[in-house]
Amino acid sequence: MTDRITRRDVLKFGTRAAASVALRPLIERSMETRAMEPDHQLASITENMDTPAASDSDICFLSARRMADLIRQKKLSAREVMRAHLRQIDRVNSKVNAIVTLVPADQLMAQALAADESTLRGNLKGPLHGLPVGVKDLHPTRGIRTTFGSPLHKNDVPNFDCLVVEREKNAGAIVIGKTNVPEWGLGSQTFNPVFGPTLNPYDLTKTCGGSTGGGSVALACGMVPLADGSDMGGSLRNPPNFCNVVGLRTSPGRVPNPPSTLGWFTLSVAGPVARSVTDCAFFLSALAGFDRRSPISIDQSGSQFSQSLAGRNFKGVRVAMFKDMDLPWEPEVKNAVQAQHKVFQSLGCIVEEAEPDLSDANECFVAWRHWSIEASFGDILEANSDKLNEYVRWHVEEGRKLTGPYLSRVESKRTALYQRMREFMEKYEFFILPVNQVLPFDVKTHYPVEIAGVKMENYIAWMKSAYYISVAGNPAISVPCAFSESGLPIGIQIVGRHNDDWGVLQMAYAFEQATNVGKRRPAAV
């Protein structure tokens, strides 16, 4: 499918009634197929459910793990799941513009039918068997348009899957479509010249963050049960924070995602977004694992993340609550996160006000971001300057000013930063701080130009509370923690020790169970 989804053409049939009419021939054909099968077993998947027929909303807001269990137990069919999500997209997507390329409904229903047939044969493909998944429009997908939010690629259809998508499919997931991103994934505000902006479902006048903005909104609105993403400066944390869902910045190498021209680069990582910590870990179990195509790939199986997150005793665990990190904050954000110290104390943690010395984090992050973007776009800038935004041009120009001696000193500073962070985290197992320094802002504003009277020096300066953690290399998760007086989501960022993604998920789960803020659905639904 290569046409943009519009109000007049969400799915391929504009209204719920039209969707029903369009799907009926497919359903009838599948029923004829079932009639030829021994004992009509396929029909029993939906006809012999233990509970009354579920509504679309009931299905779409099930946890992904529960949904997968019901499919495996033949209490819910993959076709029911797919139909419910297609109808939800039909109802909601035109309001928020989260899914920008949708796989044709007949193809999706055929894949769901194949998943149901495999279920009957006892041939489940993997843990995500039969689940729809939203794929970030920065991740190449075989046969499905991948644009990067750029006019340069607005009609591109790759002939291969990146490793993240390959693993999703190998685990049994069905790619339902592509989710919106900022142009080239740059900045934490999802808008681009190909598809326009994605809107925050809690307030349609506000941004959803970025760059995994479309995926986070699709999750919050029940249009997908799982969405993948990536994070350099906060893109697996900022959008979940703005949209009241969960996103994990994984340790570098935890989720390898070739092909990449910068195989040793550690600032950018891939990872999961979900509506709960349990689903985030469940998705990670399919995405994580060693791959020789990535030189930094962690040699550990993803299966560890399928275990139960419950049951850990946090009594005596030392937790550091941020003070101010020498950054400006919107008061509601700072106060909401600092108020959560009581939650960690209720879990048995020893909570102290403390923060690591993150000197040089800004310089290190910005320098390596300039370097990486110049490496990616430097050779094509001149020929395509009219099709590359000002962010790309700025990074390339600054990247060309970098020298070898300067970068060697920056890397020395980053290594010293890592060692300071390591020593801090030996005393404290977790570091708690806000994801963002601001609340969701006006969707027509490209980025905040000041915070609490402090001028931002560039388009990413307002994201320091997220990208300081990126440059240190620690795993970090965004979990819903509060709402502002105006009803906007506020997330908390839980940072763990080097490579301790499992510990971060355990703490996030305990926090989530104690607060339940993530259960509040958006008005757009």
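Residues numbered from 1 in each chain as written. Predicted model: local features only at pLDDT ≥ 70, side-chain atom pairs only at ≥ 80, totals over all residues. Heavy atoms only, no water.

Novice: When you look at the overall build of the chain in this model, what are you seeing that I'm missing?
Specialist: When its secondary structure is counted, the chain shows 17 helices and 15 strands. Residues classed as buried in the chain amount to 60% of the 525 residues present. Intrachain contacts of the chain at a sequence separation of at least 6 include 77% that bridge at least 24 residues. Accessible surface, the chain: about 20100 Å² in total, of which carbon and sulfur atoms supply 48%. (Helix = DSSP H or I, 4+ residues; strand = E, 2+ residues; numbered from the N terminus. Buried < 20%, exposed > 50% of the residue type's maximum accessible area, 1.4 Å probe, protein only. Contact = heavy atoms within 4.5 Å. Areas by Shrake-Rupley, 256 points an atom, 1.4 Å probe, with all protein chains shown as cover.)

Novice: Got a minute to help me understand the pairing of strand β14 (residues 476–483) in this structure?
Specialist: Across the 8 residues of β14, 8 count as buried, placing the element largely inside the fold. Where β14 lies against strand β15 (residues 489–495), 7 bridges are found, and the strand directions are antiparallel. Looking at β15, one finds that Ala476 is bridged to Val495. If you look at the hairpin formed by β14 and β15, you'll find 5 residues sitting between the two strands, and Gly487 has a positive phi there, around 85 degrees. (Pairing = 2+ DSSP bridges.)

Novice: Honestly, the nonpolar core in this entry has me stumped. Any pointers?
Specialist: As a rule of thumb, soluble globular proteins bury nonpolar side chains together. Core analysis: the largest hydrophobic core is formed by 152 residues, its most contacted members being Phe431 and Ile494. Sequence-distant contacts of Phe431, that is, excluding residues within four places in its chain, are made with Ala320, Phe322, Met325, Ala354, Glu355, Pro356, Phe424, Met425, Ile469, Gln493, Ile494 and Val495. (Core = buried A, V, L, I, M, F, W, Y, C linked by side-chain atoms within 4.5 Å.)

Novice: What is the right way to look at the packing of aromatic side chains in this model?
Specialist: In this description, a pair of aromatic rings is defined by centroid distance and the angle of the planes. As enumerated under the stated definition, the model contains 17 aromatic pairs in all. Consider the rings of Phe265 and Trp371, whose centres lie 6.1 Å apart with planes at 40 degrees: the pair is tilted. One end of the pair, Phe265, is in the loop between β7 (246–249) and β8 (269–274); the other, Trp371, is in helix α13 (residues 361–377), and 106 residues separate them in sequence. A relative accessible area of 15% places Phe265 in the buried class. Taking the relative accessible area as the measure of exposure, Trp371 reaches 31% and is therefore partly exposed. The interplanar angle of 20 degrees and the centroid separation of 5.3 Å between the aromatic rings of Phe344 and Phe511 together place this pair among those described as stacked. Residue Phe344 is found in helix α12 (residues 341–346), and its partner Phe511 is found in helix α17 (residues 501–515); the two are separated by 167 residues along the sequence. (Phe/Tyr/Trp six-rings, centres within 6.5 Å; stacked < 30°, edge-to-face > 60°.)

Novice: Which parts of the structure should I look at to understand the pattern of salt bridges?
Specialist: In a structure, side chains of opposite charge can pair up when their charged atoms sit close to one another. As enumerated under the stated definition, the model contains 21 salt bridges in all. With a shortest N-O distance of 3.6 Å, Glu166 and Arg293 are connected by a salt bridge. One end of the pair, Glu166, is in helix α7 (residues 163–170); the other, Arg293, is in the loop between α10 (277–287) and β9 (318–321), with 127 residues separating them in the sequence. Glu166 gets classed as partly exposed once you look at its relative accessible area, which sits at 29%. Between Asp357 and Arg420 there is a salt bridge, with the nearest N and O atoms lying 3.4 Å from each other. With a gap of 63 residues between them, Asp357 in the loop between β10 (350–353) and α13 and Arg420 in helix α15 (residues 404–427) connect regions that are remote in the sequence. A single salt-bridge network, built from bridges that share partners, covers Asp56, Arg87 and Arg91. (Salt bridge = Lys/Arg side-chain N within 4 Å of Asp/Glu carboxyl O.)

Novice: When you look at helix α5 (residues 78–96) in this model, what are you seeing that I'm missing?
Specialist: Each α-helix turn comprises 3.6 residues. Residues three or four places apart therefore point the same way. Taking 1.5 Å per residue, 19 residues should reach 27 Å; α5 reaches 25 Å between its end C-alpha atoms and fits that length. Of all bends in α5, the biggest is about 40 degrees, found at Asp90. Counting buried positions along α5 yields 15 of 19 residues, so the element is predominantly enclosed. (Expected span 1.5 Å × (residues − 1). Bend = angle between axes of the 7 residues up to and from the residue.)

Novice: Sorry if this is basic, but what is going on with the packing of α13 against α15 here?
Specialist: Describing two packed helices takes the angle between their axes plus the distance from one axis to the other. The N-to-C vectors of α13 and α15 enclose an angle of 135 degrees; their axes lie 9 Å apart at closest approach. Relative to α15, the element α13 is oriented oblique. Both α13 and α15 take part in a crossing whose hand is left-handed. Taken together, the residues of α15 that come into contact with α13 (itself represented by Ala361, Glu363, Cys364, Ala367, Trp368 and Trp371) are Tyr406, Leu407, Val410, Glu411, Lys413, Arg414 and Leu417. Of the residues that constitute the contact of α13 with α15, the class distribution is 9 nonpolar, no polar and 4 charged. (Axes fitted to C-alpha atoms, helices over the stretch in contact; angles between N-to-C directions. Parallel < 35°, antiparallel > 145°, perpendicular 65-115°, else oblique. Left-handed = near helix turned anticlockwise from the far one by under 90°. Nonpolar A, V, L, I, M, F, W, Y, C, P; charged D, E, K, R; others polar.)

Novice: Honestly, the environment of Glu363 in this entry has me stumped. Any pointers?
Specialist: In this structure, Glu363 sits in helix α13. With relative accessibility at 26%, the residue Glu363 sits in the partly exposed group. When the C-alpha atoms of Glu363 and Lys413 are compared, they prove to be 9.0 Å apart, with 50 residues separating the residues in sequence. In this view, Glu363 contacts Tyr406, Val410 and Lys413; residues no more than four positions away in its chain are not counted.

Novice: Please clarify how empty space enclosed by the protein should be interpreted in this entry.
Specialist: Take a probe with the size of a water molecule and roll it over the atoms, and the empty space left behind shows itself. Throughout the structure, instances matching the rule amount to 2 cavities of 30 Å³ or more. Volume-wise, the second largest cavity comes out at about 30 Å³. Lining the second largest cavity we find Leu186, Gly187, Ser188, Gln189, Phe191, Tyr391, His446, Tyr447 and Tyr459. The class makeup of the residues in the lining of the second largest cavity is 5 nonpolar, 4 polar and no charged. (1 Å grid on protein atoms, 1.4 Å probe; cavity = no way out; pocket = protein on both sides within 12 Å on 5 of 7 lines; lining within 4 Å. Points joined across faces, edges and corners; volume = space filled by probe spheres on them.)

Novice: Looking at this model, I keep getting lost on the environment of Leu439. Mind explaining?
Specialist: With respect to the secondary-structure elements, Leu439 resides in the loop between β11 (430–434) and β12 (450–451). Sequence-distant contacts of Leu439, that is, excluding residues within four places in its chain, are made with Phe242, Glu330, Glu332, Val333, Ser484, Leu488, Pro489 and Ile490.

Novice: I would appreciate a short explanation of the pairing of strand β3 (residues 174–179) in the present structure.
Specialist: The side chains of a regular strand alternate between the sheet's two faces. Within β3, 6 of the 6 residues are buried, which leaves the element mostly enclosed by the surrounding structure. The sheet contact formed by strand β1 (residues 99–102) and β3 spans 3 bridges and is antiparallel. Each residue of the ladder has a partner; that of Thr101, found in β3, is Lys178. Of the pairings in the sheet, the one linking strand β2 (residues 132–136) to β3 comprises 5 bridges and is parallel in character. Within β3, the residue paired with Pro132 across the bridge is Ile174. In this fold, the crossover linking β2 to β3 by way of α7 has right-handed handedness. (Right-handed = clockwise from strand over helix to strand, strands pointing away.)

Novice: Is there a simple way to explain unusual backbone geometry in this structure?
Specialist: Excluding glycine, residues mostly carry a negative phi; peptide bonds, for their part, are mostly trans. Cis rather than trans, the peptide bond between Gly210 and Ser211 has omega equal to 10 degrees. One can find Ser211 in the loop between β5 (203–207) and α8 (213–220). Looking along the chain, the bond that leaves Pro258 and enters Pro259 is cis, with omega of 10 degrees. Secondary-structure assignment places Pro259 in the loop between β7 and β8. For Asp360, which is not a glycine, the phi torsion comes out positive at approximately 75 degrees. Looking at where Asp360 falls in the secondary structure, it is placed in the loop between β10 and α13.

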